[in-house]
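Fold and geometry: a report
Letter by letter, the chains look like this.
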Amino acid sequence: MAAVVFRGVRAVLFDLDGTLIDSAPDLGAAAEALRKARGLPPLALDAYRAHAGSGARGMLRVAFDLTPDHPTYPAMRDEFLSAYERCMLIRTQAFHGVDGLLQTLSARRIGWGVVTNKAQRFALPIAQAMPVLAGAGAIVCGDTTPHAKPHPAPLLEAARRLALEPSDCIYVGDDLRDIQAGKAAGMRTVAARYGYLGASAAVDDWAADAVIDSPAEVLNLLELP
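In this report, we go over the structure that sits alongside the text.

Calculation rules
Residue indices begin from 1 for each chain and proceed along its sequence in written order. Where local features are concerned, this predicted model is filtered to residues with pLDDT of at least 70; where side-chain atom pairs are given and counted, the filter is 80 or more; whole-chain, interface and lining totals use all residues. To get the side-chain values, all heavy atoms of the structure are used, and hydrogens and water are removed first. Interaxial angle, 0 to 180 degrees, is taken between N-to-C directions of lines fitted to C-alpha atoms, where a helix line uses only the stretch in contact. For helices the rule is a DSSP run of H or I covering at least 4 residues; for strands it is a run of E covering at least 2, with both sets numbered from the N terminus onward. Angles are sorted into four bins: roughly parallel if under 35 degrees, roughly antiparallel if over 145, roughly perpendicular if 65 to 115, and oblique for all others. It only takes one pair of heavy atoms within 4.5 Å for two residues to be counted as in contact. Any residue that is not Ala, Val, Leu, Ile, Met, Phe, Trp, Tyr, Cys, Pro, Asp, Glu, Lys or Arg is counted as polar, Gly included; the first ten are nonpolar and the last four charged. Here a cavity denotes grid points, spaced 1 Å and computed from the protein atoms alone, that fit a 1.4 Å probe unable to get out, and a pocket denotes an open set having protein on both sides within 12 Å along at least 5 of 7 lines; residues with an atom within 4 Å of a point are the lining. Grid points are joined across faces, edges and corners, and a volume is the space filled by probe spheres set on the points. At least two DSSP bridges between two strands are required for those strands to pair.

Things to note about the packing of helix 4 (residues 73-87) against helix 6 (residues 120-129)
- The geometry of helix 4 relative to helix 6 is characterised by a closest axis approach of 11 Å and an angle of 10° between their N-to-C directions. The orientation of helix 4 relative to helix 6 falls into the category roughly parallel. Contacts between helix 4 and helix 6 involve L81, S82, Y84 and E85 from the former and R121, F122 and I126 from the latter.
- Residue composition of the contact of helix 4 with helix 6, grouped by class: 4 nonpolar, 1 polar and 2 charged.

Here we look at the layout of surface pockets
- Of the volumes computed, that of the largest pocket is approximately 590 Å³.
- Elements supplying a minimum of two residues to the lining of the largest pocket: helix 3 (55-64), helix 4, helix 6 and helix 8 (176-184).
- Its residues assigned to classes, the lining of the largest pocket comprises 10 nonpolar, 6 polar and 11 charged.

Some details on the sheet that holds strand 6 (residues 169-173)
- What the 6 strands build is an open sheet, ordered 5-4-1-6-7-8; its pairing is parallel. At either end of the open sheet lies a strand with only one pairing partner, and these are strand 5 (139-140) and strand 8 (210-212).
- Here strand 1 (residues 11-14) runs beside strand 4 (residues 111-115); their pairing, made up of 4 bridges, is parallel. If you follow V12 over to strand 4, its bridge partner there is W112.
- Of the strands in this sheet, strand 1 and strand 4 touch helix 5 (residues 98-107), which is tilted by about 150° from strand 1.

Below is the structure:
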């Protein structure tokens, strides 16, 4: 259970996949579509889940043991992304507790937004289709700025859009890159242990300012007005 209290927080920024939403079923389904097209037997969703935060790179590694340095990787990545675009809104849903968390933040006049490495092509339609994300004050995607996380640029852009200083914000994510980006941006950071890397990751070694085991625990960290 999280016990650290952050004072003076004016906005909470969140990673998307593995932090606010569980997109692993649709990402895995896209990879499975490629395997099926090649006559390969199906893999269980659990094989994909821990790698869902790595997007196409992670899914193709699981499905085909394919890495970005392989000559066929670009074509396979494009095929995967097209398959994902066709199914990305079928099984994806918010994690339990996210709706209440975001409603509480809005009710207490604490801003919130999304900073993801997911490309706009995918992130924006998902955000527009999910009512739980309708109140986001900023949505910054992997291709919004010239650099993606762990570079701080996306987080700094989110703070700019919210008209806040980075120090007014905390950033919540389920990947080491999220914590690195938050620290580089001058934000306080929260590691989501319930995310895709899960219990097998050395989350406590990421040097985040706090660690949570469920979305609702974010509220325990805040001095709510």
